[in-house]
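If you want the building blocks of each chain, they are given just below.
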Amino acid sequence: MPDALRKTASYEAMPGEVGRVLLLYSGGLDTSVMLKWIQDRYEAEVVALTVNLGQPGEDYEVIKGKALHLGAVECHVVDAREAFARDYVGPAIKANALYGGGYPLFTALGRPLIAKLAVEYARRSGCDTIAHGCTGKGNDQVRIEATVTTLAPELKVIAPVRGWQMGRDEEVAYAREHGIPIKGGTEVAPYSIDDNLWGRSSEGRWIEDLDHAPEDDVFQLVTRPEQAPDEPQEVELEFECGLPVAVDGQRTELVELIERVAAIGARHGVGIVDHIEDRIVGLKVRDIYEVPAAAIVLPAHAELEKLVCTIHQNQFKPGLDRQWAYLVYAGLWWEPLREDLDAYMDAVNEHVSGTVALKLYKGTARVVRRSSPNAVYDPALATFAESGGLFSQQASPGFIELWSLQSRMAWRVRHARDG
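Note that the coordinates shown come from a computational prediction; the quantities given were computed from them, not determined experimentally.

The rules behind each value
- Residues numbered from 1 in each chain as written.
- Predicted model: local features only at pLDDT ≥ 70, side-chain atom pairs only at ≥ 80, totals over all residues.
- Heavy atoms only, no water.
- Helix = DSSP H or I, 4+ residues; strand = E, 2+ residues; numbered from the N terminus.
- Buried < 20%, exposed > 50% of the residue type's maximum accessible area, 1.4 Å probe, protein only.
- Contact = heavy atoms within 4.5 Å.
- Areas by Shrake-Rupley, 256 points an atom, 1.4 Å probe, with all protein chains shown as cover.
- Pairing = 2+ DSSP bridges.
- Axes fitted to C-alpha atoms, helices over the stretch in contact; angles between N-to-C directions.
- Salt bridge = Lys/Arg side-chain N within 4 Å of Asp/Glu carboxyl O.
- Core = buried A, V, L, I, M, F, W, Y, C linked by side-chain atoms within 4.5 Å.

### A short note on the overall build of the chain
From N to C terminus, the chain includes 14 helices and 14 strands. Looking at the 419 residues of the chain, the share that counts as buried comes to 46%. Long-range contacts, defined as pairs at least 24 residues apart, comprise 72% of the intrachain contacts of the chain with a sequence gap of at least 6. Split by element, the accessible area of the chain, about 21,200 Å² in all, is 52% carbon and sulfur.

Rendered as structure tokens:
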């Protein structure tokens, strides 16, 4: 039996087990080739599912028409932007979610929702198998398959790109042979793009060369900082219970707010991340991210959280934030620990209400103003203009003597031989 047809997991589908397949369909080269290939290889019907998470510039009627033209018996297009913002991006904001110090998890947040919808539509459409276009080198295969096997252990999974051994040239040849339209032509290999409401990633080509500085054509969302406006702009975000609810005094729903903030940030060159990342499959890779909304909202939220929390909360929560981000990055959205952490995030964020203003200028977003009715801050205590009041400066020497007691004793014991 060929290696590509050997099962290494119980949920993998063999040809004889496949009758009707729910294909996660983007309309791109991989999934378009896959739609035809599954029909030929498995002699199966294909139901296509396209999920709108806020990808810019997509014509979903065109995508649906392409899927049906290529033989899909059904094509469902689901607008999941509100659910994505509410149930996935919202918790990520409360958790200040960054993986590896730079990646705001936009793809990682979207995959469990896409896979959850795949399960729902597979059951609704009478499918026995779910197919996706992930490779064997990425994290998305983990995120999607872990979700499917958690929520629907009765369904099988196939991942053609992982097993068919076709590179881009072979895919292009297959597409031409079977009359599959190729978006963008074939003269130059495109970047591998993934985007949604919360950000955009680019991989491939020169990005894999660590000595190669970013080329201008990779930036399709964010203005290059050198070309950003010469005048800075302040943007003010209002938060209630940890979530942004208004921009510059205008209240709006979360999807629209993210889109508006992203447009402002992109204009000022904010949100470019050139990132070295440790994938959970063991690879170290380079990604170029464009995340203008996250680059504004996350620092604003973190600043407000710092203002309303105590020193002990501010020391403790970042460790939980990192754990939350790791679980999501690693495809473990359905891990009970993530829900446990959400409970803590919600409790802390009950008090994270107020406003934060940031100054945007040529690629930077700097907090310049902050206020909250819950601020653990008293200007009368903090001021250097006068002495006394609620803060007793005369108590400080006694505090210092006790606070440093063990440190002083340990230093003396360990340096006694020095005389």
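That shown, we press on.
### Section: the sheet that holds strand β2 (residues 45–52)
Read across the sheet, 5 strands follow the order β3-β2-β1-β4-β5 without closing on themselves; strand pairing throughout is parallel. Two strands lie at the open edges of the sheet, namely β3 (74–79) and β5 (156–158), each paired on one side alone. Sheet twist, expressed as the average angle between the axes of neighbouring strands with direction ignored, equals 25°. Where strand β1 (residues 20–24) lies against strand β4 (residues 129–131), 3 bridges are found, and the strand directions are parallel. Each bridged residue has a counterpart across the sheet, and for V21 the counterpart in β4 is T129. In the packing of helix α1 (residues 29–42) onto the sheet, the strands contacted are β1, β2, β4 and β5, and the crossing angle to β1 comes to about 170°. The sheet strands contacting helix α2 (residues 60–69) are β2 and β3, and the helix crosses β3 at an angle near 160°.

### Looking at the pairing of strand β12 (residues 284–290)
Of all 7 residues in β12, 6 are buried, a share of seventy percent or more. Strand direction decides the pairing type here: strand β7 (residues 199–203) and β12, joined by 3 bridges, are antiparallel. Paired with R200 across the strands is E290, a residue of β12. Pairing geometry for strand β11 (residues 272–278) and β12, over 7 bridges, is antiparallel. If you follow D278 over to β12, its bridge partner there is K284. Connecting the antiparallel pair β11 and β12 is a turn made up of 5 residues, with G282 showing a positive phi of about 105°.

### Focus: the pattern of salt bridges
Following the criterion strictly, the structure yields 29 salt bridges and no others. K306 is the salt-bridge partner of E303, the closest N and O atoms lying 3.5 Å from each other. Placement of the pair is E303 and K306 together in helix α9 (residues 292–308), with a separation of 3 residues, close to one helical turn. A salt bridge links D342 to R338, with the shortest nitrogen-to-oxygen separation between them at 2.5 Å. Of this pair, D342 and R338 both sit in helix α11 (residues 336–349), 4 residues apart, which is roughly one turn of the helix. Residue D342 shares its accessibility class with R338, and that shared class is buried. Here the salt bridges do not stand alone but share partners, grouping R111, D140, R143 and D194 into one network.

### Overview of the nonpolar core
Ranked by internal contacts, the top residues of the largest apolar core, which has 80 residues, are L22, L49, F84, L105, L109, W198 and W324. With residues near it in sequence (within four places) discarded, W324 still touches Y88, P91, A92, A95, A97, L105, L109, W333, R338, L341, D342 and M345. In terms of nonpolar packing, the next biggest core, distinct from the first, is built from 30 residues, A13, Y42, A48 and W164 among them.

### Some remarks on unusual backbone geometry
Phi is positive for N96, close to 45°, though the residue is something other than glycine. Inspection of the secondary structure assignment puts N96 in the loop between α3 (81–94) and α4 (106–124). Even without being a glycine, C241 presents a positive backbone phi close to 50°. Its place among the elements puts C241 in the loop between β8 (233–240) and β9 (243–247).

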